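A closer look at the structure
The lines below spell out each chain.
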Amino acid sequence: MMGPSHALSGAAVWLSGSWALQHFYDYEQSPLALAVGTAVCAGGALLPDLDLSGKVTRNRGGATVARTFGVFSLFIAEVVEKISLGVYYATKLSRDPKRNNGHRTLTHTIPFTVLVGWGTTSLCARYGKWAVIGILFFMIGLALRGLFDKWAERAGWLIVTLVSAGAAVFTAANLPGDRGYPMIGLAVGVGCFVHIIGDMITRAGVPILWPIPIKRRMWTPISLPDKIALRAGGRTEVVFVRSALTVVSVLAAIGLVAPSLLQKLDLTL
């Protein structure tokens, strides 16, 4: 799937999950916590594609996530791609093919998802608001790049960076630490997992079962059959999948906001 579709899927899953928690378990979140969770999950749904690097010196190429902060994020993507490729060759078996890049390897696995989610929560708990500001800055930037890709492309990486920094500082200053911090790590992990599922329904697939060896392969790509699998960037994804994800997000947001609005109206009347 393409970057905007991944970001939309993260937002849709977080909003619909938050609606289910509120509707069935009376777990309410403040508007700020809800917005933060949605943005972080949308950003997390782009994070695994940091393994697709571009031309750092020319600020060209790479995945959507790699171009978020200009040459800085492209450099990070270059490093992640090389690490992923190194892990691939360190663990590959006899039937795993040769590769010249690390895309859809390490960062597209369950261990990576768990590690990133746990690591995010641990950083927030250990270092407090300084860690929160850094994580929110990065994740909000990714969310902006994915959800508003046309605007971000026109505005440029510098504007995206400034907006992300301002939003991160404001949010960290107002987000409660007792419930807010663990939810950030959960949102990052859920976003990464949603990304993996999104890539699984495309023809290329992802090695979601790594490090379980299957028929002398450690990096077996798992995907839908070609007849029903999506083509990344194809009409089905761009038109139908994104439309469906947008509808789900809007309906879930209305379901979350409407009860409180109705309650306020009743109190005023």
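Residues numbered from 1 in each chain as written. Predicted model: local features only at pLDDT ≥ 70, side-chain atom pairs only at ≥ 80, totals over all residues. Heavy atoms only, no water.

1. Considerations on the UniProt feature "transmembrane region" (unreviewed entry) in the protein
The UniProt feature table records "transmembrane region" (unreviewed entry) at residues 30–48, 69–90, 130–148, 155–175, 181–210 and 239–262. Across residues 30–48 one finds 74% helix and 0% strand; the C-alpha atoms that close the span lie 28 Å apart. Along residues 130–148 one finds 95% helix and 0% strand; the C-alpha atoms at either end are 27 Å apart. (UniProt positions renumbered as here; feature names shortened; annotations may be inferred. Helix = DSSP H or I, 4+ residues; strand = E, 2+ residues; numbered from the N terminus.)

2. Quick notes on the environment of proline 207
Positionally, proline 207 belongs in the loop between helix 8 (177–200) and helix 9 (235–268). The spacing of proline 207 and isoleucine 222 is 15 residues in sequence and 5.9 Å in space, taken between C-alpha atoms. For proline 207, the contacting residues outside a window of four places in its chain are Arg104, Thr105, His108, Thr109, Trp219, Thr220 and Pro221. (Contact = heavy atoms within 4.5 Å.)

3. Focus: the packing of helix 1 (residues 3–25) against helix 2 (residues 31–44)
Across the interface, helix 1 lies against helix 2 with an axial gap of 7 Å and an inter-helix angle of 145°. Two packed elements cross with a definite hand, and for helix 1 against helix 2 that hand is right-handed. Contacts from Ala7, Gly10, Ala11, Trp14, Leu15 and Ser18 in helix 1 reach Leu34, Gly37, Thr38, Cys41 and Ala42 in helix 2. Here the residues of the contact of helix 1 with helix 2 sort into 7 nonpolar, 4 polar and no charged. (Axes fitted to C-alpha atoms, helices over the stretch in contact; angles between N-to-C directions. Left-handed = near helix turned anticlockwise from the far one by under 90°. Nonpolar A, V, L, I, M, F, W, Y, C, P; charged D, E, K, R; others polar.)

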